[in-house]
Each structure stands twice: as structure tokens, then as C-alpha cells.
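An overview of the molecular structure
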Amino acid sequence: MAYRPNVVNVTKAGSNENDGLYEFIVNLADGTACRVFYHRNPEWRLTNVSRLQKTPCPVCRKDFICGCMEKFSDEINRQMVEGQWLDKLTS
């Protein structure tokens with residue numbers, strides 16, 4: 001079965017409003033937490049996704065640093081935009 005991330009909650013972890021840089025903590029339905037970085041200028045652009053080391057990776061099951069979540073950056077970005085998480089957290 002292929003892994004499909006499902007964004008259930010997003011919190012703002014930090015920002016640099018002058019440079020348009022934002023950091024969010026994204027909680028997925030399977031309990032995985034990811035740190036997601038966005039650049040706002042001229043429009044929202046996802047720059048990096050990394051899994052927080054709270055639970056093993058749902059893809060490779062490693063409990064240390066891996067790059068698996070980067071493969072799903074397009075899907076996570078799509079859910080962030082469609083769920084209007086970016087607008088809710090930055091307004």
C-alpha cells in the first residue's frame with residue numbers, strides 16, 4: 001500500500017515577516033509531525049519538508065533522519081493550499 005499523507009492540523013512555529021519566510025508544524029493523520037518551510041514572496045512556495053523525530057518514519061520505518069517526507073512535498077503543499085492553512089495562520 002502506498003503512503004498518503006493527510007494534513008489534520010497546522011501550527012505556526014516561526015516567521016521572518018520582512019523576508020517572507022515561514023515555518024509551520026504540520027500534523028498528519030497517522031501521528032507524524034513535519035516541519036514545513038515556506039517562502040511568501042512573490043507567492044507561497046514550499047521550500048523544505050522534514051519529519052520531526054517523535055515517531056518512526058511511516059514510509060521507511062527508520063527512527064532517525066531520513067528524506068522520505070520530501071517525496072510527498074507536493075501532496076502536503078496541495079493540502080495546505082486547499083485547506084487554506086496558510087491564509088488562516090498568517091492573517
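Structure first, text after, so check above.
A brief report on the enclosed structure follows. (Residues numbered from 1 in each chain as written. Predicted model: local features only at pLDDT ≥ 70, side-chain atom pairs only at ≥ 80, totals over all residues. Heavy atoms only, no water.)

Topic: helix α1 (residues 73-82)
For α1, the set of buried residues is S73, I76, Q79 and M80. Relative to the axis of α1, the buried residues are bounded by an arc of 130° and lie together on one face. Residues of α1 that are exposed and angled more than 90 degrees away from the buried face: D74 and E82. The positive-phi residue at the C-terminal boundary of α1 is Q84, with phi of around 55°. (Buried < 20%, exposed > 50% of the residue type's maximum accessible area, 1.4 Å probe, protein only. Helix = DSSP H or I, 4+ residues; strand = E, 2+ residues; numbered from the N terminus. Arc of directions from axis to C-beta.)

Some remarks on the nonpolar core
Counting 18 residues, the largest nonpolar core has V36, Y38 and M80 as the members making the most contacts within it. Listing elements by their share of this core, those giving two or more residues are β1 (7-16), β2 (21-28), β3 (33-39), β4 (45-51), α1 and α2 (85-90). Looking at this core element by element, the count peaks at four residues for β2. Setting aside residues up to four positions removed in sequence, V36 forms contacts with Y22, E23, F24, V26, L46, N48, V49 and I76. (Core = buried A, V, L, I, M, F, W, Y, C linked by side-chain atoms within 4.5 Å. Contact = heavy atoms within 4.5 Å.)

So far we have only geometry, and geometry alone does not tell us how the molecule works.
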